[in-house]
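Chain by chain, the residues run as shown.
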Amino acid sequence: MNITQFDFAVIGAGVSGSWIAYELSKYTAKTCLIEKENDVAMGATKANSAIIHAGYDPVPGTLMAKLNVRGNELVRALHKKMDIPFRQIGSFVIALTDEDEIKIRELYERGLKNGVEGLRILTKEETLSLEPNLSPEVRGALFAETAGVCSSFEMSCAPAEVAENNGVELIRNFSVTGISRDGEYSVLVSSDGRKISARTVINAAGVHADEIAALFGDTSFKMTARRGEYSILDNSCGNLVHHVIFQPPVKYGKGILVSQTVDGNIIVGPTAENIDDKEDKATTTEGQKTAFDGARRSVPSVSERDVITSFSGIRPIGGKGDFIIGFSDADKNLFNVAGIESPGLTAGPAIGEYVVEKIAENGFVFNKNPDFDNTRKVIRFKDLSDDDKNAIIAENPLYGRVICRCETVTEGEIADSINRGAGARDMDGVKRRVRAGMGRCQGGFCGPKVMEILARELKIPMSEVTKFGGCSRMTEKEEI
Amino acid sequence: MKMNVDVAVIGGGPAGLAAAIECRKNGVENILVIERDRQLGGILNQCIHPGFGLHVFGEELTGPEYAQRYINMLSETDVKTLTDTMVLSLSPDRVIRAVNTTLGVVEIHAKAVILAMGCRERTRGMLRIPGTRPSGIYTAGTAQRLVNIEGLMPGKNTVILGSGDIGLIMARRMTLEGAKVSGVYEIMPKSGGLKRNIVQCLNDFGIPLHLSRTAVEIHGRERIEGITVASVDENLAPIKGTEEYVECDTLLLSVGLIPENELSRGAGILIDPKTKGPVCETGFETSVPGIFACGNVFKVYDLVDNVTKDSVLAGKSAAEYVKNKTA
Amino acid sequence: MQTTKVTCVICPVGCTIEVDHEKIDGKETVIEVRNNKCPRGYKYASAEVINPERVLTSTVRLVGGSAARLSVKSERPVPKTSLFDCMKEIRKTSVASPVKMGDVIIENVAGTGVNIVATHNG
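Q: What's the story with the overall build of chain C in this structure? I'm lost.
A: Along the backbone of chain C there are two helices and ten strands. For chain C, the sequential pattern of α-helices and β-strands runs β-β-β-α-β-β-β-β-α-β-β-β. Relative to the 2.2 N^0.38 estimate, which gives 14 Å for 122 residues, the radius of gyration of chain C is 18 Å and therefore markedly larger than a compact globule would have. Dimensions of chain C along its principal axes, counting C-alpha atoms only, are 55 × 30 × 15 Å. For chain C, with 122 residues in total, the buried portion stands at 33%. Pairs at least 24 apart in sequence give 44% of the contacts found in chain C among residues at least 6 apart.

The structure is reproduced here in C-alpha cells:
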C-alpha cells in the first residue's frame, strides 16, 4: 500500500490546529491537517464564549500572556482579509465588592505588564452609563478596548480553508489510534485502518492531546476535561448589554459572563465542572441554574425565558498553568500543542506563528510558498445593501432564495458553505458556517431544505445526510 | 424593482388565500399574495390527514384538498401571486421588501397589508431539556414535512413529547408507516390536542398517553438513544424517584405553536404578550393603521375552518380600509 | 343489550355518544344512539360499534413530478382492521406525473372495495 508522506501532520482541526496548518501553508512544506470528526472546529473550538480577550488575565511572562496579546493583534489585523466575523465591542470586568475592586486593579496592572493597550478603570457612573442594565451594586469596571467577540467556528474554518486552498490536505474522520516508525517518519494509523506518515507530528488534539502524546511514549502531561454550560438568548434581547461583561476571575476560570455575540444574540455562561468523560457535552438543570444565577449578579434582568438554545463545551485543561507548546522530550518527531485553554481561541493565530518559529529554530528549513493567498470572501446576504443583493442574485439566482427565515440565509450561501475549502459536510457544519438553523426556530423550517441542499451538493441521497457525521443520521436510510 | 398594490398579503396559506379572495370580492383590484414556498397552500400541503373543511365546505377534506379549493378560487380571480419569494422587511408605512431568484429585491408599496405568515413550533431549546444534543430530535411539524413531502422516516422507535395535535397526528402517521411509537408524554394533567385525535391517532393504535409526565433528560451521543421521563407536581416540577428511562431513536416535540411575528415587530406593531400575536381592534386591524393580521400569525387556531372564517373578515376590513383611503 | 360510549372523531367537537346495541340473530345491531349533536355523529357511532371504519391517508412515490411524494386518501372509510393491509399496498405503489387531485391511484385497495385517490395535483 502506498502511504502518503508529509513533512507535517497536524492532528486536530480546532482553532490551534487550523492556525498551525494556515501558518504552514505559507511554506512549501507538505502538510496535512487530520481531524477525527466529520468537520473542523468540533471540539473546544465550537462551544466556548467566542471572546477575543484583550490579554490582562494571564500571568505576565507566561506563554499564555504573550500569545494572547499577539493573538488579539492578529485577529484585529486579519479578520477583514479572511472574512472572520469579529466585532471589537470591548470588555468590562465589573467589581461588585471591595474585594472585586482590588482584583480589577490587579488585572489592570497585569494588563499593563502584558502590553495590553486601551485599558481603563471606569467609575460606577461611567460603567452604568455605558451599561445601564448592570446591577446597581456595581462599583466600577476594568474596561478593555481591544477585546471583542467573534465567530469561534470561523476562527477555525477560515484558517483551515485558507490552508486547504494553499495546499494543505484536510483529512476528515481520521481518528489516530496507533503509530509506528518508518525511518524518519511516523506512521499514523486511523481507527478504520487508513495510514499516513509524517516527519513531524504536531499534536493539537485538544482534550485528547495526552492520548496522542502517550502513543509516542510521552506521558509528561494529562488533560482534564472541564465542562462549561452556556445558553443563547433570542436576538430580541440583543441590547441587554453592549460589551462583554465579566465578573472577576475565579479559581476555575474567568467566571460567568454575559455578552453580545458577534451575531447580536446574548450569551450567558460558562459554568466550570471537571468531568471524567472527555466527550460528555450534556447540559444539566443544575448547570443552567448556576449559569443564570451567576449571570444575574451582573445583569439582574437576564432571563431563562428568552433562551433559544443551550449547549456545553469541553475546555482542555493541561494542568501546567500555561500552554504546553514545544517538541516532546520523549520523541523528537512529536511537537505538542496542548493545554490550550482560555484564552486559546484568541491565541490561535499567534500559536500558529509560534509553532512555525519553534520548528524553524529546530533546524527545519522553510521555503516560502510563492502562491500563498489568505484572501477569503464570504457572501453574507443579510448584511449586503439592496444593490449588492441584486448584483449577487443576478450573478447566481440561488442568492435570491431565502432558506432560513429566522437568520435570512439564502440557498446560495448554504451551497457556498459546502463547496468552499474545508467546507461543510453535515447539518451542524452548515449551521456553524452560515447560521441556517441557529435562530429562534432552530432549524424547524429550514432543516429539511438544508438536508436537500447538502444531498444535492455532496451528491448523496438525502437519507445519508447527518447532523454531525458518524452515526448522527437525520432519517432512516430507505425512502418510505 | 418597485411595485404598487392596493393590498399585499404576506403568506399564501389558508389565511392569506381566504383574505385575498375576500378582498377581491369586495372590489379591491390590485392584490398581491407573497408566498415563500414554491407553491401556495402553506402548511396544509403537508397536513395530508383528513378533518378539514367540515364547517366551511360541509365535507371532510385533507389538508392539500382544502388548500387546493382556495388555490382554485384564487386562480379564477386576477389576484397576482409571487411564490418562492421571501419578505425581508415591512415598514410602518406599509412598504414591503421581498426577494426572489428572478426579480431580486422588490419594494412593494401597499395601501393595506394583510399579515398571514402563520406560526412556528416551540423547540427543544425553548423547553431547555437537559442532556446531550444528538440527531433524531424533531418538532412534530418538521417530522411531518420529512415524512409527507420528502418521504423520509425520521426513525423507527419514536417517543412523542407533548400532546399537541400535530404530535398526535404524527403518532398515527409514523405507526402506519411501520414505526413503533412507544408513548406520548404530556407535562400537563390534560392533553392539548383535540379529543378526536386522541381517539383516532392514539387509542386506535394502542399508543399510551402519559399525563403529568415529561422528559427530564436526553441521552445518546450521536443519534438519540433514549430519554428519561418523570412525573411532575402541580408546579410542573419533576418529582424525584419517578424517573424512568425510555429507549427511542426519535423524539418528536409537539409542545406548542407561536405566531410568527418578526415582520410585525419590525413594523412596530403591538404584540399581545399572551397570544404572542398582534393586538387587534375590530376587523383584525393591528395597532399600525392599514396593517391587518389573520390566521395563526394573529393567534394559534385549532382548526383551519376557523382560520378561514376570521381571515374572510380580515380581508373584508382591509378592502374597506382601501376603499375609504381612495374615496 | 350493551351500551358503548364512543368519542366521535368526525369533527373537533368530539361528542361522547352513547350507543345501545345487541346481537340479534348473531349480528350486532344498533338499538339506540344518544348524545350525538348531528347526523354524521349518529352514522359514525353506529358504525363504530358494528364495524369501525377510518379514512386512511398516506403518500405514494411520485415519479417525474416536482415533489417526491403524492398525497392520497381512501375515497371512503375502510375497516379499521384493514388499515395496515391497505398501507402495504400503498407503500408498494408508485405513480408517474402528471396526476390530478381525485385520480384513482389504487383500485379496490386490499380488497376493501374502496379506491385510493390522489389528494393533490402532482
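Continuing now.
Q: Where do I start with the interface of chain A and chain B in this structure?
A: Accessible area lost upon the coming together of the parts is a frequently used measure of interface size. Contact residues are listed per partner, giving 44 residues for chain A and 39 residues for chain B. If you list the elements that add at least two residues to the side of chain A that touches chain B, you get α7 (285-298), β18 (307-317), α9 (386-395) and α12 (447-458) of chain A. For the side of chain A that touches chain B, the residue count by class is 16 nonpolar, 17 polar and eleven charged.

Q: Where do I start with the confidence of the model for chain C in this structure?
A: Regions with low pLDDT should not have their predicted coordinates read in detail. Here chain C averages 94 in pLDDT, and 100% of its residues register 70 or above. Across the assembled chains, the prediction reports ipTM 0.95 with pTM 0.93.

Q: Sorry if this is basic, but what is going on with the packing of helix α4 (residues 140-150) of chain B against helix α5 (residues 165-176) of chain B here?
A: Two numbers describe a pair of packed helices, the interaxial angle and the distance between the axes. Residues and elements named next belong to chain B. Where α4 contacts α5, the axes come no closer than 9 Å and their chain directions differ by 35°. The crossing of α4 and α5 is left-handed. Touching Ala140, Gly141, Ala143, Gln144 and Val147 of α4 are Ile166, Gly167, Met170 and Arg173, all from α5. Its residues assigned to classes, the contact of α4 with α5 comprises five nonpolar, three polar and one charged.

Q: How do you make sense of the pairing of strand β15 (residues 226-231) of chain B when you look at a structure like this?
A: Looking along a regular strand, one sees the side chains alternate between the two faces of the sheet. All names here are of chain B. Of the strand pairs in this sheet, strand β14 (residues 213-219) and β15 are connected by six bridges, and their pairing is antiparallel. Residue pairing in the sheet places Ala215 in a bridge with Val229 of β15. Hairpin remark: β14 followed by β15, antiparallel, with six residues in the connecting loop; positive phi at Gly220, about 115°. Taken together, the four bridges between β15 and strand β16 (residues 244-247) define a ladder with antiparallel strand orientation. Note on β16: the bridge partner recorded for Gly226 is Glu247.

Q: What exactly am I supposed to notice about helix α2 (residues 63-78) of chain A here?
A: Given 3.6 residues to a turn, an α-helix orients residues that are three or four positions apart in the same direction. Residues and elements named next belong to chain A. Its 16 residues give α2 an end-to-end C-alpha distance of 21 Å, which sits within 8% of 22 Å, the value for a rise of 1.5 Å per residue. Among all positions in α2, only Met64, Ala65, Leu67, Asn68, Val69, Gly71, Asn72, Leu74 and Val75 are buried. Close packing links the buried residues of α2 with β3 (51-52), β4 (86-87), α3 (98-114), β8 (148-150) and α8 (344-361).

Q: Sorry, what's going on with the environment of Glu320(B) here?
A: Secondary-structure assignment places Glu320(B) in helix α8 (residues 304-326). Between the C-alpha atoms of Glu320(B) and Glu285(B), which are 35 residues apart in sequence, the distance is 11 Å.

Q: Can you help me understand unusual backbone geometry in this one?
A: Peptide bonds are trans in most cases, and residues, glycine excluded, mostly fall at negative phi. That bond from Gly269(A) to Pro270(A) is cis: its omega, -5°, falls within 30 degrees of zero. Along the chain, the position of Pro270(A) falls in the loop between β16 (266-269) and β17 (273-275). Note that the residue after Ser97(C), namely Pro98(C), is joined by a cis bond; omega there is 0°. Tracing the chain through its elements places Pro98(C) in the loop between β8 (94-96) and β9 (104-106). Positive phi outside glycine occurs at Arg94(B), with the angle close to 65°. The backbone phi angle of Ser212(B) is positive, close to 50°, even though this residue is not glycine. Looking at the element boundaries, Ser212(B) is found in the loop between β13 (209-211) and β14.

Q: Just checking my understanding: could you explain the domain arrangement of chain B for this structure?
A: All names here are of chain B. One can read the domain layout of chain B as domain 1 (2-120 + 257-326) and domain 2 (123-253). Distance from the C-alpha centre of domain 1 to the C-alpha centre of domain 2: 31 Å. On the domain 2 side, the residues contacting the four residues of domain 1 number six residues. The residue makeup of the side of domain 1 that touches domain 2, split by class, is one nonpolar, two polar and one charged.

Q: Which parts of the structure should I look at to understand the interface of chain B and chain C?
A: Counting residues at the interface gives 21 residues for chain B, matched by 23 residues for chain C. Those elements that provide at least two residues to the side of chain B that touches chain C are α2 (63-75), α4 and α6 (195-202) of chain B. Ranked by residue count, the leading element in the side of chain B that touches chain C is α6(B), at four residues. Looking at the side of chain B that touches chain C residue by residue, the classes come out as nine nonpolar, six polar and six charged.

Q: I keep staring at the domain arrangement of chain C and nothing clicks. Help me out?
A: Domain boundaries assigned for chain C yield domain 1 (2-50) and domain 2 (57-118). Taking the mean C-alpha position of each, domain 1 of chain C and domain 2 of chain C sit 29 Å from one another.

Q: In this structure, what is going on with the sheet that holds β14(B)? I would like to understand it.
A: By way of backbone hydrogen bonds, the strands of a sheet pair with one another, either parallel or antiparallel. Residues and elements named next belong to chain B. Read from one edge of the open sheet, three strands run β14-β15-β16, paired in antiparallel fashion. Sheet topology places β14 and β16 at the edges, where each strand pairs with a single neighbour. Averaged over all pairs of adjacent strands, the angle between strand axes in this sheet comes to 35°, irrespective of strand direction.

Criteria and cut-off values
- Residues numbered from 1 in each chain as written.
- Chains lettered and ligands numbered in written order.
- Predicted model: local features only at pLDDT ≥ 70, side-chain atom pairs only at ≥ 80, totals over all residues.
- Helix = DSSP H or I, 4+ residues; strand = E, 2+ residues; numbered from the N terminus.
- Rg over C-alpha atoms; globule rule 2.2 N^0.38 Å.
- Buried ≥ 20, exposed ≤ 12 C-beta atoms within 10 Å, placed from the backbone.
- Contact = placed C-beta atoms within 7 Å.
- Nonpolar A, V, L, I, M, F, W, Y, C, P; charged D, E, K, R; others polar.
- pLDDT = per-residue confidence, 0-100.
- Axes fitted to C-alpha atoms, helices over the stretch in contact; angles between N-to-C directions.
- Left-handed = near helix turned anticlockwise from the far one by under 90°.
- Pairing = 2+ DSSP bridges.
- Expected span 1.5 Å × (residues − 1).
- Domains from an automatic or database assignment.

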